[in-house]
Each structure stands twice: as structure tokens, then as C-alpha cells.
Amino acid sequence: MKTFIPALLILSTLASAQTAQNVDTRTPLLDRLEAAVQAEEAVRAVKRLQYSYSHYLEWGLWTDFGDLFTTNSTAQLDNRTLTGRASIEAYFMEQASRSSLGLAEGQLNTHLALQPIVTLGPDGKTAKGTWHEIAMLGKFSSSASWRGGIFENEYALEDGVWKISRLNFYEEYIGDYESFGHKAPPKWNVPYHFDSAHVGVTIPKSALQPVASSSKASANARLAQLAQRVERMNDETDVRNLQHSFGFYLDRKLYDDVADLFARDGSMDFGQGDTYAGHDRIRRALETMFGPTPLRTGELFDHLNLDTVVSIAPDGRTAGARTIQLSMLGINGQYGRWELGIYEDEFVKEDGIWKLRALRYYPRMLTDYDKGWGKDAIPSKSTYGSYPKVHYVAFHNVNPVTQRAVRYPAGPMTQVKVIKAEAAAPASVTNASFDGTLALAERRLEMAIGVDAVENLNSSYGYYLDESAWDQMADTFAINGGAKEISGAGVYVGQERIRKILKLRGPNGGRGAASFTIHQLTQPVIHVAEDANTAKARFRLFQSGGSANGSSGSWIGGLYENTALKENGEWKFGVQDLHHIFNAPYRTGWGHMPGPSRTGSAAAGPRLVTEMQPDRPIRSRQYAFPEIDEPAFHYRNPVSGRMPAQLLP
């Protein structure tokens, strides 16, 4: 025994030393992973902040709106400099002619945020974001107007929470609804924060520097927690893709695909007072409410899903999403309409696939295109009180800054299910599974980062096109694999050929003072490949513009099906595939169009082809409306796997 006990002590000491050595070896790996997880969570937090900003303004929730700002925040608005969250909150209340929480009856105060480019700061504690904003403002029986512009905002961590630290708004256009178009200044002079050569990078390398963790958990437990956080970000992507796919399927009256998105016991309430459960009843209800499929000649049925805020429950099994829907509806030769509404939807994860469990749509405003919301309010068919009444729809999620429930004014309000659940313990990690779990978490994190980088990339295209910034636009394409469609001409392959044809098309020297265009790419459905090196993305084109003096204007709609790839570690455009669907005069809208439309860029096609032959023809028919030409999809139905009529490679 005297000789055996020291031997045990020696073995125990060696084992302890070996365990310490294992922890020491793995800790730097986990520190690096944690730094990257925090950085990507920061990018997503900034987007949630800005979308919450829009949702709170939509309903005049001034208190929660003010909570989104840092203590010493500043704002540059209408040539005024504001300091402090109280002054910013007071400014927006003044703009809405309000002195208390909520909106006045008959008031429309919609602010839509689109086309984000979010870049984390060098230290990971600040960020910058570029956004388009569309404001639909007015008072029933009194006024209606549009306003649009660009935010170049700054964000900061304050007390461990992301907040808006600076608002900088640059007005691009403004106009009364009844005018022929919108008025725009000769130049916008926006100091964009992003660099065309590196816009496909959301997180700089300096923000990924590992910081020693204060966690007391074991290496295995710490990895399990980090892997779970990574999975929640990918869950968020899947739910957003599902919500946005719902909008794209509804556009084309693809009712089978819409019904497929629901869980077996899923339900749908489309704001008409009835709830339908089960795939068959949902399918039949859609056709009863919206008419038979396919779209009839001259029918426009577009549903823009905007400002989507996704909340994944801590257990990763349920989720909620709040979305603003702006719809462009009508039959050519008969009528056109605008519609605004709110989705507060529930989702469930079944067999590893996210599905709709309950879709609830609340109509906000429906108006005749020719009259506008200042003169016309079509009554809702549901018991929910829509415009000009003010009927609040509660939020499924808490304020992203305070983590408290949103505060509402007195008045009619519809409650919704709050998304909350007990946090589930992460899957256990053993010494044997550590390396494989770490590699999977790193790859899945790269996929999550890729989603936001690809959105940055696609958003930049719209800003550069608006500014006629051809060199910068060309920089965003891959040197060898990049390919861009030029309307009316064809497809040009390779970064330098793209640069040359863009300059031939012109204009050169920046945007001309006499006209303007606003190319807004929104409603993303982004799929990053499992190797995190390539991606495919569907975006909606929501375009406006016209003469800068407001004498004419247009609305243009279409779909982008783009690819992206990593080149030297940075995301670049691969193939850019645009399907223009309609071009409607602002004055008459899509309800009064004589025939298939054309644009100046399309008309310039023959000249461009003569000067520079394309590498291949454009894939899809352009500007077919009022004829119906079905667009392709890059993906199968995300729940059922149903093939689209045309699946892109």
C-alpha cells in the first residue's frame, strides 16, 4: 500500500495536467469562434434595431422608439442637428403632429426601411448602416404624400446592448400623391460608408480578434453553447426565407406552394374574419379570396414583404416574425390599388424544417390608386379596424434594447402570441466529438455571415446604379466569373467587360441632374451553400423615378435571381439575372397601361450590341406586363421540395 498510493497520486497529477493542457489547447480556438459569433450577432442586432425603428414609427410608439437610441445620440434631419434621445423622440412626434403616444385617427405614418448595407466597426463595438427609406404620410380627407431618402447611420454598444448612436438622413425625393411624379434635388451628396471593392465583407478582420472569455464553463460546454448560438442565426435565416417565399408564391398565385409552407395542423387568417386549418382548406380559401390561378392577363398581384423581424424561441423549436406588407394590386384596364398590412406569424420546426404554424394578416390600409390614401379608404372585410381607423397590432417580441414588452396607447388593439419558451440545453459535446462539432459550428457560422454579406453586395448594386457609379458597380463582380445582364442588349462576362459596357451605356460622370431612379432591392431569399463559398439570392426590384422636376414618373417591378461567390475571401457577384415584369406610369399606374412597356435602357440595346457584342442573350423576357410571363426560381419549395415551373441552375 505504501508503494501503491504514491503511484495513484502520480497518475492523478498527470491526468490533471493532461486535462489542463487540453483546455489550454482548445481555449484559443473557442475564443476565436466566440469573437466571430459575437460579431455576426452584432450585424443582426443592428438590422433588428432599424426594422424596429420602422415598426414603432408606423404606429407612433414614441417611447419604445426613443429607447432605440444611445444616451448621447445625435441626428441630422432637415438641416437640424438634434442631440439626445429625448430631442430625437420629440422631433418625430412633432413631424407627426402628435403630443402623446399613438397616432390620430385617419393618420398614416408609414416608414419602410429597405436595402441595408451593414458594416461592423474595426473594434466590433460600433457599426455603420446604409438604408433606403420610403415614407407614406398623410391624413385621411386631407393629404397624402411620398418621401424617400437614404440613411447613413451609426450604431454603438452601450451597456452591452446595441443602439442607434447617429441618424443621418439624405432626402432623395418628395411629392404629393396627386402630382405627376416626385421632385428630386440635382445631387444627393450621400457620403456612403462602404467601399465597392470590399462591400461583400460585413465584418473586418480586426473585429474578429479573439478576446479572452470570462466563461467558467468547460471547453465542451462552452462549445455547445456557441454552436447553439450559431444555429439560432441559421434558424433566423430559414424563417425569414420562409416568410419572404410566402410573399413570392402569393404574387404568382402559386397556391399549392403557399399551402405547402404550412405545418400539418397549420392555420391561416387573412384578415377576413375566418381561420382556415390544414393544407386543403388553406388552398381552397386562397382561391376563394383571391381568385383562380394562374394570374389572368393584366393582373398585378405583388406582395412586398418588408422590415421582417424574426424571433427564434430559446428552445429553437418555435419562432415568430413581424412583417409589413406593401401590395400593388389591380387589373389593367379596370383598377389599381395600394394595400398596407401587418403579418404576425408563428412558425414551428418539424423534423428539422421550419414551417408556418399560424399566419395572421392584419389589413392596415387599402386605397384606390387613382385617388390615394388622402381621399380613399376601402373598408376592410374583417372585424379588424383598418384605415382610416387606428387599430394597433401587438408585437410578438420585446423591445430589442430594453427587453421589455412594447408599450401601447389606449385604443383598440389586437393581441398576438408572445414568442417565449424555456431555453433548451445545448446538445452535449464530448472530447471525442469536439473537433467535429467545432468544424461544423465554424462552417455554419460562415454560412450565417455569408447571408448578410450577400445582402450587402446586392444592396450596393442599387445604390451604385442610382448614382451611375459604373466603376464601383463593376468592382462588385468577380474578376473572372462575374456576369451581368444589360437590358435590351445581353449578358456580359468578366469584370472588365462589365465595366466597359456600363460606361458605354452611361451616363458617365454620375447621375444627371434632370432625372433620377431609385433601384430598391428588397425581400431577400438567400441560400448560402454548405461550403459557405457560393450563394444564390432572390430579390424583388421595387423601382421608382422620373423627371427631377416632378413632371413625370414611373413604378417598375421585377425579380433578381443572382449568384455570389467568394473571391480572395470576399463575396462578389457571380451571375446577375434580372426579370423585369412591369413599367407603369406614375400618373396612371398599373391599372391603365396600353401594352408591354419599354425603358430607355432597353431601347439603347441595339446601339450597345453594335458597339460591343454580348457574350450570351438575356435569359428571360423583359417587361411583358400586361401579358403574364412566369419568372424562374433558384430554389424548390423550402418545406415540400416542390419543383417550380422553371428551376435555375
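Bear in mind that the values here come from a model prediction, so they are computed numbers and not experimental data. (Residues numbered from 1 in each chain as written. Predicted model: local features only at pLDDT ≥ 70, side-chain atom pairs only at ≥ 80, totals over all residues. Heavy atoms only, no water.)

A. Broad picture of the overall build of the protein chain. Helices and strands together make up the secondary structure of the protein chain, namely eleven helices and 22 strands. With the C-alpha coordinates aligned to their principal axes, the bounding extent of the protein chain is approximately 105 × 65 × 55 Å. Within the protein chain, the proportion of its 649 residues that are buried is 59%. Here the contacts in the protein chain between residues at least 6 apart in sequence split such that 68% fall between residues at least 24 apart. (Helix = DSSP H or I, 4+ residues; strand = E, 2+ residues; numbered from the N terminus. Buried < 20%, exposed > 50% of the residue type's maximum accessible area, 1.4 Å probe, protein only. Contact = heavy atoms within 4.5 Å.)

B. Geometry of the environment of methionine 413. Relative to the elements of secondary structure, methionine 413 occurs in strand E14 (residues 413-414). Note on methionine 413: relative accessible area 28%, which makes it partly exposed. Taking the C-alpha atoms as reference, methionine 413 lies 5.7 Å from valine 393; in sequence the two are 20 residues apart. The contacts of methionine 413, once residues within four sequence positions are left out, are His391, Tyr392, Ala394 and Tyr408.

C. Expanded view of helix H7 (residues 434-466). Counted at 1.5 Å a residue, the expected span for H7 with its 33 residues is 48 Å, and the 49 Å between its end C-alpha atoms agrees. Positive backbone phi, approximately 55°, marks serine 468, located one or two places after H7. (Expected span 1.5 Å × (residues − 1).)

D. Quick look at unusual backbone geometry. The step from threonine 293 to proline 294 runs through a cis peptide bond, and the omega angle for that step is 0°. Counting through the fold element by element, proline 294 comes out in the loop between helix H6 (279-290) and strand E9 (299-312). A cis amide bond links phenylalanine 625 with the next residue in sequence, proline 626, at an omega value of 15°. Here proline 626 lies in the segment after helix H11 (605-611).

E. A look at the environment of glutamate 105. You can see glutamate 105 is positioned in the loop between helix H3 (85-95) and strand E3 (107-120). Taking the C-alpha atoms as reference points, glutamate 105 and valine 390, 285 residues apart in sequence, are found 5.6 Å from one another. Not counting residues within four places of it along the chain, the set of residues in contact with glutamate 105 comprises Lys139, Pro388, Lys389 and Val390.

F. Structural detail: the environment of alanine 321. Along the polypeptide, alanine 321 turns up in strand E10 (residues 318-331). Alanine 321 sits 78 residues away from glutamine 243 along the chain, and the two C-alpha atoms are 7.8 Å apart. Ignoring any residue separated from it by four or fewer positions in sequence, one finds alanine 321 in contact with Val239, Gln243, Thr308, Val309, Val310, Tyr343, Glu344, Asp345, Phe347 and His396.

G. Quick look at the pairing of strand E5 (residues 143-158). By the criterion of burial, E5 is predominantly enclosed, with 13 of the 16 residues buried. As paired strands, strand E4 (residues 126-139) and E5 are joined by 14 bridges and run antiparallel to one another. Note on E5: the bridge partner recorded for alanine 135 is arginine 147. One ladder, built from twelve bridges, connects E5 with strand E6 (residues 161-176); its direction is antiparallel. Bridge assignment links arginine 147 to a residue of E6, and that residue is isoleucine 174. Adjacent in sequence and paired antiparallel, E5 and E6 are bridged by two residues, among which aspartate 159 carries a positive phi angle near 55°. (Pairing = 2+ DSSP bridges.)

H. Spatial organisation of the pattern of salt bridges. Within the structure shown, the criterion is met by 45 salt bridges. Across the salt bridge formed by glutamate 133 and arginine 147, the nearest N and O atoms sit 3.1 Å from each other. With glutamate 133 in strand E4 and arginine 147 in strand E5, this pair connects stretches of sequence that are 14 residues apart. Given a relative accessible area of 3%, glutamate 133 falls into the buried group. Between arginine 499 and aspartate 471 there is a salt bridge, with the nearest N and O atoms lying 3.1 Å from each other. On the criterion of sequence distance, the pair formed by arginine 499 in helix H9 (residues 495-505) and aspartate 471 in helix H8 (residues 470-475) is long-range, its members being 28 residues apart. (Salt bridge = Lys/Arg side-chain N within 4 Å of Asp/Glu carboxyl O.)

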